[in-house]
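# Structure assessment
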Amino acid sequence: MAAKPKSSSGINKVMSLIKSNGVKMVDYKFTDMLGQWHHITHTIEHFDEDTFRDGIGFDGSSIKGFRKIHESDMLLFPDPVTAFIDPFMAVPTVSFICNIADPLTHESYTRDPRYIARKAEAYLKSSGIGDTAFFGPEPEFFILDNVSYDQSPNRAYYEIDSQEGAWNTGIEGKNLGHRPRYKEGYFPVSPLDTLQDLRTEMVLTMQTIGIPVEVHHHEVATAGQTEIDMRFDTLVKMSDNLVAYKYVTKNVAKNHGKTVTFMPKPIFGDNGSGMHVHQSIWKNGKNLFFGNGYAGLSDMALYYIGGLLKHAPALCAITNPTTNSYKRLVPGYEAPVNLAYSMRNRSASVRIPMYSTSPKSKRIEFRCPDPLCNPYLGFSALLMAGLDGIINKIDPGKPLDKDIYDMTPEQLKDVPSAPGSLPEALAALKDDHEFLLRGDVFTEDLIETWIEYKTVKEVQPMQLRPHPFEFIMYYDA
């Protein structure tokens, strides 16, 4: 699959956008294997219509999970439909999200996360099952006033502060009489909610770059936990929107002297940040998940759930990709660790929302993922697991329409659980990834690289270091 765009109308719109906004600089953004944006900026004099055909060179050996030093040269191909005027640059700048390709063949790079998402969409169409997969993530994050941290051979610490923090440390010049208590931050009005205007600015900024937003609100945790929900979209487009969403929230916060983190569990003893992902498959404008079965679902939707539940341990290696992720996915709390499905029940890992009876709104919601997930990889993996369920007619079993937190261990003994750690999830992915290889969407090389990187760069360094709490438990033993 070539990386070059084919739409001349899209290119014409870009040239018009550049002219009407007096653009001086051109910014090329792309995503590394972990889901972070990188960029390179050229002057407008070095940009023309041939750029879409010829690409922009860069050093792939300096990007996490990409090329080795002896094969470092790579090309960026800007996608014209992603163009937007960057709201955080002083000089008028047009930004593009890019596809990555080999400089000799111009073939798409197999470790480019966006390419994997493009292949997932193509595989869905080629399967004949559907022509469109819609995704609607609900990323949660914290808006903090200050953070500091360090790690060295003889010291390790982190400290976060927030004028909304239940601990009320007394930030200089702040009156902290009103603040959300632990686990009581859901939907309070001002003055408990101090971030209304900041969240609104984030939403309005997203809209200026083409991201449709539906709602924003304070979340359950203290210390500024926030949720901003985008309108659902197709797999690649929603992945583009989510990486841009992180860019916007972090930069708006920075402009106000605050900082944003998407860590799933930055605060001990309070709710973590998840990213529930709504999903549905359509064909010829019809929602194939609507039917006459349980919770208004079709057989196809139930099989899709079966695929998610069967492959959930392996999926977690991609959708919950950090050691910190498993500080949130802990049994006995509100995190959806039990691999079951239910309508309305938020304690199940798969929920069927029942807000509307409209066929267009019927969807399933996978609640395990967190916002450190690379959306290109995560959404693609979820789609591939669901399609495997449809192809193989995987029975999801009976729904669990009970409050899981009130069930006894004996009642829960037959309900499988999500992995309890990143090593456990990576082991599951190593043993169960054939479903990801269908249609060459994921490759063995990408999966091996992912497992190796996560093990060497994240799991092992964490295992080697003393934890501050170990001093509390063991120093004077």
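Okay, so let's go over this structure. (Residues numbered from 1 in each chain as written. Predicted model: local features only at pLDDT ≥ 70, side-chain atom pairs only at ≥ 80, totals over all residues. Heavy atoms only, no water.)

Bringing the pattern of salt bridges into the picture now. In the structure shown here, the tally under the stated rule is 15 salt bridges. The shortest N-O distance in the salt bridge between aspartate 50 and arginine 53 comes to 3.6 Å. Here aspartate 388 and arginine 438 are joined by a salt bridge, their closest N and O atoms 3.1 Å apart. Of this pair, aspartate 388 sits in helix H8 (residues 375-391) while arginine 438 sits in the loop between helix H11 (434-437) and helix H12 (444-464), placing them 50 residues apart in sequence. Note on aspartate 388: relative accessible area 5%, which makes it buried. Ionic contacts of the salt-bridge type, sharing partners, join the residues Asp27, Lys29 and Asp86 into one network. (Salt bridge = Lys/Arg side-chain N within 4 Å of Asp/Glu carboxyl O. Helix = DSSP H or I, 4+ residues; strand = E, 2+ residues; numbered from the N terminus. Buried < 20%, exposed > 50% of the residue type's maximum accessible area, 1.4 Å probe, protein only.)

For the pair helix H5 (residues 235-255) and H8, interaxial distance at closest approach is 9 Å and the crossing angle is 145°. Where H5 crosses over H8, the handedness of that crossing is right-handed. Listed contacts from H8 to Leu235, Val236, Met238, Ser239, Asp240, Leu242 and Val243 of H5 are Pro375, Tyr376, Phe379, Ser380 and Leu383. Among the residues forming the contact of H5 with H8, the class breakdown is nine nonpolar, two polar and one charged. (Axes fitted to C-alpha atoms, helices over the stretch in contact; angles between N-to-C directions. Left-handed = near helix turned anticlockwise from the far one by under 90°. Contact = heavy atoms within 4.5 Å. Nonpolar A, V, L, I, M, F, W, Y, C, P; charged D, E, K, R; others polar.)

Okay, the pairing of strand E7 (residues 132-144) next. For E7, the buried fraction is high: 12 of the 13 residues fall into the buried class. Of the strand pairs in this sheet, E7 and strand E14 (residues 275-283) are connected by eight bridges, and their pairing is antiparallel. In the sheet register, glycine 136 faces E14, and the bridge partner there is histidine 278. Pairing of E7 with strand E12 (residues 233-234) involves two bridges; the strand directions are antiparallel. Bridge pairing links phenylalanine 135 to aspartate 233 in E12. Here three bridges tie E7 to strand E11 (residues 225-230), and the two strands are oriented antiparallel to one another. Within the sheet, the bridge partner assigned to phenylalanine 141 lies in E11 and is threonine 226. Bridging between E7 and strand E13 (residues 259-261) involves three bridges; their strand directions are antiparallel. Looking at the pairing, phenylalanine 142 lines up with threonine 261 of E13. (Pairing = 2+ DSSP bridges.)

In this section: unusual backbone geometry. Unlike most non-glycine residues, alanine 223 shows phi in positive territory, near 60°. Judged by relative accessible area, alanine 223 falls into the buried class, the value being 0%. Positive phi, normally seen in glycine, also occurs at asparagine 284, with a value near 55°. Inspection of the secondary structure assignment puts asparagine 284 in the loop between E14 and strand E15 (286-287). The exposed category is assigned to asparagine 284, whose relative accessible area is 70%.

This part covers the packing of helix H6 (residues 299-319) against helix H10 (residues 422-431). As a packed pair, H6 and H10 sit with axes 7 Å apart at the nearest point and diverge in direction by 115°. Pair H6 / H10 crosses with left-handed handedness. Residues Pro313, Ala314, Cys316, Ala317 and Ile318 of H6 touch H10, and the partners they reach there are Ala425, Leu426, Ala428 and Leu429. Taken together, the residues of the contact of H6 with H10 break down into nine nonpolar, no polar and no charged.

Turning next to the packing of aromatic side chains. Applying the stated rule across the entire model yields 17 aromatic pairs. For the pair tyrosine 28 and phenylalanine 96, a centre-to-centre distance of 6.2 Å together with 20° between the ring planes defines the contact as stacked. One end of the pair, tyrosine 28, is in strand E1 (residues 25-31); the other, phenylalanine 96, is in strand E6 (residues 93-101), with 68 residues separating them in the sequence. With respect to burial, tyrosine 28 and phenylalanine 96 carry one shared label: buried. Considering the side-chain rings of phenylalanine 66 and tyrosine 109, the 5.3 Å spacing of their centres and the 80° angle between planes classify their relative orientation as edge-to-face. Here phenylalanine 66, found in the loop between strand E3 (56-59) and strand E4 (73-78), pairs with tyrosine 109, found in the loop between E6 and helix H3 (113-127); they are 43 residues apart in sequence, far enough to count as distant. Its relative accessible area of 5% is what places phenylalanine 66 among the buried residues. The exposure class assigned to tyrosine 109 is buried, which follows from its relative accessible area of 7%. Taken together, the ring pairs connect Tyr28, Phe47, Phe52 and Phe96 into an aromatic cluster. Over the face of the ring belonging to tryptophan 37 we find lysine 29, whose NZ or CZ atom lies 5.7 Å from the ring centre. Taking NZ or CZ as reference, lysine 246 lies 5.3 Å from the ring centre of phenylalanine 262, over its face. (Phe/Tyr/Trp six-rings, centres within 6.5 Å; stacked < 30°, edge-to-face > 60°. Lys NZ or Arg CZ within 6 Å of the ring centre and 35° of its normal.)

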